[in-house]
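A structural walkthrough
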Amino acid sequence: GFLPGDNPANSLTGSPNISTTATTSSTPGTYTIRVTRGTLASSKYNLVFVNGTMTVTKAVLTLTADNKSKLYRTSNPTLTYTVTGFVLGQTPRTSGVTGSPNLSTTATTTSPVGTYPIIITNGTLNSSRYSFNFVNGTLTINPRSLTITANAVSKVYGNVDPALTYRITSGSLLGGDVLTGSLTRASGENVGSYAIGIGTLAASSNYAITFIPNSLTITRLSVTVRAQARTKV
């Protein structure tokens, strides 16, 4: 409202009083900011005072779903969360926050290896002092360990190879899962020992395979040499 050429320095002396009932611990809402004359004076102007408004907004609590992991074909772990953002030294018990969030995931006992979101939503949370920010987490399903040991086999030189067999010596296949493919051995047909390798034997990506090799042994072929009977005069 100053006229041209006037300003606070040449038109006013002193200063007004400005106050509000809002404090650090005031709950969210609106509070009057009162302005009164105080020591403010002017020989040129009549002074009119207009109050303002202090708006206290809710503080923000961040609820973060904790990351979890489990093995393939096991039950989901208990889903939990972490809360940050309490002010004035408040805790969940003293903050006035009631209720709890919803935590869910699409992963089930039979879900394959991979990552799945853990979704956190408002649920029954309520507070007059805080608003809520939600951060999803991740459930990681890890493969099961499976140890496969090749069986030692042998054959006689010149014979057809026996079946290359194996056994599961640690872990197990679950829920109808099967192994596919077959073992192979190092090439060669002379007497000696030949390594048996994993070849194409495999399980799904839900299993982490450790393979213990063995050997195919080719032994000598037995040959009988018989002297022929002879006569003479």
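It should be emphasised that the depicted structure is a prediction, and the values quoted were computed from it without experimental measurement. Numbering of residues starts from 1 in every chain and runs along the sequence as written. The model is predicted, so local features are restricted to residues of pLDDT at least 70 and side-chain atom pairs to those at 80 or more, both for listing and for counting; the totals for chains, interfaces and linings are taken over all residues. In computing side-chain values, all of the structure's heavy atoms are included and hydrogens and water are not.

Points about the packing of aromatic side chains
Two rings from Phe, Tyr or Trp (for Trp, the six-membered ring) form a pair when their centres are within 6.5 Å of each other. A pair whose planes differ by under 30 degrees is stacked, one over 60 is edge-to-face, and the rest are tilted. Per the counting criterion, the structure on display carries four aromatic pairs. Relative to Tyr207, the ring of Tyr72 has its centre 5.7 Å away and its plane inclined at 80°; by these criteria the two rings are edge-to-face. Placement of Tyr72 in the loop between β5 (68-71) and β6 (81-84) and of Tyr207 in strand β16 (residues 207-212) is noted, with a sequence separation of 135 residues between them. Charge over a ring is defined by NZ of Lys or CZ of Arg lying within 6 Å of the ring centre and within 35 degrees of the ring normal. The positively charged end of Arg185 is found above the aromatic ring belonging to Tyr194, 5.2 Å away from the centroid. Counting from the N terminus, the helices are the DSSP runs of H or I reaching at least four residues and the strands are the DSSP runs of E reaching at least two.

Observations regarding the sheet that holds β6
Any two strands are treated as partners once DSSP identifies two or more bridges connecting them. Reading across from one edge, β6-β4-β9 is the order of the three strands in this open sheet, with mixed pairing throughout. Whereas interior strands pair on both sides, the edge strands pair on one side only; in this sheet they are β6 and β9 (130-135). Going from strand to strand, the sheet's axes swing by 25° on average, the running direction of each strand aside. Both strand β4 (residues 59-65) and β6 contribute to a ladder of four bridges, which runs antiparallel. The residue bridging Ala65 from the neighbouring strand is Tyr81, located in β6. Angles shown run from 0 to 180 degrees and are taken between the N-to-C directions of axes, each axis being a line fitted to C-alpha atoms and, for helices, limited to the stretch in contact.

Some words on the side chain of Gln90
For Gln90, the location among the structural elements is in the loop between β6 and β7 (102-105). Side-chain atoms alone can form a polar contact between residues adjacent in sequence; in general such a contact is a pair of N or O atoms within 3.5 Å, and within protein one must be able to donate a hydrogen while the other accepts it. Only 2.4 Å separates the side chain of Gln90 from the side chain of Tyr130, close enough to count as a polar contact. Setting aside its immediate chain neighbours within four residues, Gln90 contacts Ser95, Arg129 and Tyr130. In this description, contact between two residues means that some pair of their heavy atoms is separated by no more than 4.5 Å.

A word on the pattern of salt bridges
Each salt bridge in this description consists of a side-chain nitrogen of Lys or Arg and a carboxyl oxygen of Asp or Glu lying within 4 Å of one another. For the coordinates displayed, the defined rule picks out five salt bridges. Between Asp161 and Lys155 there is a salt bridge, and its shortest N-O distance comes to 2.7 Å. The structure contains a network of salt bridges with shared partners spanning Lys155, Asp161, Arg185 and Glu189.

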